[in-house]
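Breakdown of the fold
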Amino acid sequence: MASELIYRGHETHPFTDEYSPKPPKPWLNVIRPIRYILREQRLLFILIGIAIASLVFTILPSSRVVSYGHGPHSKFSMVSDSDLSHPLSESTHLSRPNLHKKTRVFGSFHSGGKIPLGLKSKGLRIVVTGGAGFVGSHLVDRLMERGDSVIVVDNFFTGRKENVMHHFDNPRFEMIRHDVVEPILLEVDQIYHLACPASPVHYKFNPVKTIISFISFIDFCFLKFVCCYKTNVAGTLNMLGLAKRVGARFLLTSTSEVYGDPLQHPQVETYWGNVNPIGVRSCYDEGKRVAETLTMDYHRGAGVEVRIARIFNTYGPRMCIDDGRVVSNFVAQALRKEPLTVYGDGKQTRSFQYVSDLVEGLMRLMEGEHVGPFNLGNPGEFTMLELAQVVQETIDSNAKIEFRPNTEDDPHKRKPDITRAKELLGWEPKVPLRNGLPLMVSDFRQRIFGDHTEDDSTTSA
């Protein structure tokens, strides 16, 4: 029987190239992580880590987070319960006036009130222009004591390196020799703008540099007479630009001189002043008024956080010995056995605050919620003759008084109304003149005579 090959090309067989995997097993998503943990003793290491962490948080003392300050610049710091059970030190209490009001337990975030490691806050990064000067150096001391990182910017026109030398070895302290009339780039949280010659001797030496910002073309011989307006305008403008760029809070130290020879007594912040715009003191008076204007324009137009302080007469250690201000003049003259020079009839009045009170006011203003301006001064009022008598009582009862013609545009009365500072900042001066003056005298005596002390007969009983 012959075989037969039959071609059946017209018949087709079903064919597919699709891959059909096994149906997924739903329990694999649970089993795989368990197998991973059980391999190579991973579970044991996890349990050991949990035990170590529990032991550490059990041993650590219970602590709290303290919030102080206001607004976006408020900060948190870690304070142990033992610290809160005792009165705060003076420096801590003064620099953080609302410390106890804003204390809250960290346990609201973590049961048991324990603080996770690594959450301790760092201090602020702060620039102080004019930080090597009289007021600036005392402010730097307080900021360093608080734990902040401080950058001092100073051209040493009136400042002295000796005022801040004790911070040179501290890694949180930096000093830059720089004139604020030139721009500077820094990354900071707060700016205290104190740079400006504040005494008549210094701001009259170079009045145009004190006020204007565009004198590069002026003859060099004329430049020796021009310093304060440029510092006020260009320096303030540069610092405000820096504050805008980095989002820092800016504090301007203005002056009671914006009131001029006031017709209102005592002076309140709403008083617009009585200033001679073309007098020998106007470079300083009008320069500070322009600086306040710039500060408020940056606040309103650019959203810069600003604070304005109007500082009244301040005295204390580290003042320039021969700067022309009445307290330093009287003290230096009495120590040198020279007559105390009183200009005019000596009936002009001034109010004198000790430098530590001023620094406290500046820090409260910076950390507070209010823009200002705020008068920062001591409302205790003295005539020049009364001040001379206090200096005689403190240094030399035999010191003579010498009268000279009064200087041009010398204000007749000056006394701050500090009601706003009391109500909104909780600040008022604490150190009376008769308590603060001996501290200044000790500093002046050491700087004038070195290690030599005066004869006992020169001091009052």
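Scroll up to find the structure.
Before going into details, it helps to say that this report is about the structure given with it. (Residues numbered from 1 in each chain as written. Predicted model: local features only at pLDDT ≥ 70, side-chain atom pairs only at ≥ 80, totals over all residues. Heavy atoms only, no water.)

For the protein, the count of helices and strands is 14 helices and 16 strands. In the protein, once contacts between residues fewer than 6 apart in sequence are set aside, the share between residues at least 24 apart is 74%. Of the roughly 24,600 Å² of accessible surface on the protein, a fraction of 57% belongs to carbon and sulfur atoms. (Helix = DSSP H or I, 4+ residues; strand = E, 2+ residues; numbered from the N terminus. Contact = heavy atoms within 4.5 Å. Areas by Shrake-Rupley, 256 points an atom, 1.4 Å probe, with all protein chains shown as cover.)

Here helix 14 (residues 433-449) is 17 residues long and its end C-alpha atoms lie 24 Å apart, about the 24 Å a rise of 1.5 Å per residue gives. Three or more residues of helix 14 are buried, namely Leu433, Gly436, Leu437, Met440, Val441, Asp443, Phe444 and Arg445. On its buried face, helix 14 sits against strand 10 (314-315), helix 10 (326-335), strand 13 (353-354), strand 15 (381-383) and helix 12 (384-394). Remark: glycine 450 follows helix 14 within two positions and exhibits a positive phi of approximately 70 degrees. (Expected span 1.5 Å × (residues − 1). Buried < 20%, exposed > 50% of the residue type's maximum accessible area, 1.4 Å probe, protein only.)

Both faces of strand 7 (residues 190-193) are covered, namely the face carrying Gln190 and Tyr192 and the face carrying Ile191 and His193. In the sheet, strand 4 (residues 125-129) pairs with strand 7 via 4 bridges, with the strands oriented parallel. Each bridged residue has a counterpart across the sheet, and for valine 128 the counterpart in strand 7 is tyrosine 192. (Pairing = 2+ DSSP bridges.)

This part is about the packing of aromatic side chains. Here the structure, examined in full by the defined rule, presents 5 aromatic pairs. With a centroid separation of 6.2 Å and 35 degrees between ring planes, the pair formed by tyrosine 259 and phenylalanine 312 is classed as tilted. Of this pair, tyrosine 259 sits in the loop between strand 8 (249-255) and helix 9 (282-302) while phenylalanine 312 sits in the loop between strand 9 (306-311) and strand 10; the two residues are 53 residues apart in sequence, bridging distant segments of the chain. Across this residue pair, the class does not change: tyrosine 259 and phenylalanine 312 are buried. Ring centres 6.4 Å apart and planes at 50 degrees place the aromatic pair phenylalanine 352 and phenylalanine 382 in the tilted group. (Phe/Tyr/Trp six-rings, centres within 6.5 Å; stacked < 30°, edge-to-face > 60°.)

Residues Val30, Ile34, Tyr36, Ile37, Leu38, Leu43, Ile46, Leu47 and Ile50 make up a contiguous nonpolar surface patch of about 850 Å² in total accessible area. Looking at the nonpolar patch, the elements that each hand over two or more residues are helix 1 (28-38) and helix 2 (42-59). For leucine 38, the position within the fold is in helix 1. (Patch = residues over 30% accessible without salt bridge, like charges linked within 9 Å, V, L, I, M, F, W, Y side chains within 5 Å. Salt bridge = Lys/Arg side-chain N within 4 Å of Asp/Glu carboxyl O.)

Our focus in this paragraph is the packing of helix 5 (residues 134-146) against helix 11 (residues 355-367). In the contact formed by helix 5 and helix 11, the axes pass within 10 Å of each other and the chain directions differ by 60 degrees. Considered as vectors, helix 5 and helix 11 are oriented oblique to each other. Seen from above, helix 5 lies across helix 11 with right-handed handedness. For the pair helix 5 and helix 11, the contacting residues are Phe134, Val135, His138, Leu139, Arg142, Leu143 and Arg146 in the first and Val355, Leu358, Val359, Glu360, Leu362, Met363 and Glu367 in the second. Split by residue class, the contact of helix 5 with helix 11 holds 9 nonpolar, 1 polar and 4 charged. (Axes fitted to C-alpha atoms, helices over the stretch in contact; angles between N-to-C directions. Parallel < 35°, antiparallel > 145°, perpendicular 65-115°, else oblique. Left-handed = near helix turned anticlockwise from the far one by under 90°. Nonpolar A, V, L, I, M, F, W, Y, C, P; charged D, E, K, R; others polar.)

Now for unusual backbone geometry. Along the chain, histidine 265 connects to proline 266 via a cis peptide bond; the corresponding omega equals -10 degrees. Within the secondary structure layout, proline 266 lies in the loop between strand 8 and helix 9. Note the cis peptide between glycine 372 and proline 373, where omega equals 5 degrees. One can find proline 373 in the loop between helix 11 and strand 14 (374-376). Phi at phenylalanine 156 is positive, roughly 60 degrees, even though this residue is not glycine. Along the chain, phenylalanine 156 turns up in the loop between strand 5 (149-154) and strand 6 (173-177). We classify phenylalanine 156 as buried; its relative accessible area is 15%. Phi angles above zero are rare outside glycine, and lysine 337 is one such case at about 65 degrees.

A separate point is the nonpolar core. Ranked by size, the top nonpolar core spans 58 residues in total, and within it Val128, Tyr192, Val327, Val331 and Phe352 carry the most contacts. Leave out the neighbours within four places in its chain, and valine 128 touches Gly136, Leu139, Val140, Leu143, Val150, Ile151, Val152, Val153, Tyr192 and Leu194. Residues Met239, Phe250, Val304 and Ile308 belong to the second largest nonpolar core, which totals 24 residues. (Core = buried A, V, L, I, M, F, W, Y, C linked by side-chain atoms within 4.5 Å.)

Taken as a whole, this structure holds 19 salt bridges when the rule is applied. Two residues, arginine 404 and glutamate 402, come together in a salt bridge whose shortest N-O distance is 2.9 Å. Owing to a relative accessible area of 31%, glutamate 402 belongs among the partly exposed residues under this scheme. Each of Arg142, Glu360 and Arg364 takes part in a single network of salt bridges with overlapping partners.

The next point concerns the side chain of glutamine 267. On the secondary structure map, glutamine 267 appears in the loop between strand 8 and helix 9. A polar atom in the side chain of glutamine 267 sits 2.8 Å from the backbone oxygen of glutamine 264. When residues no more than four places from it in sequence are discounted, the contact partners of glutamine 267 are Tyr259, Pro262, Phe312, Asn375, Lys413, Arg414, Lys415, Pro416 and Asp417. (Polar contact = N/O pair within 3.5 Å; in protein donor to acceptor, adjacent residues only side chain to side chain.)

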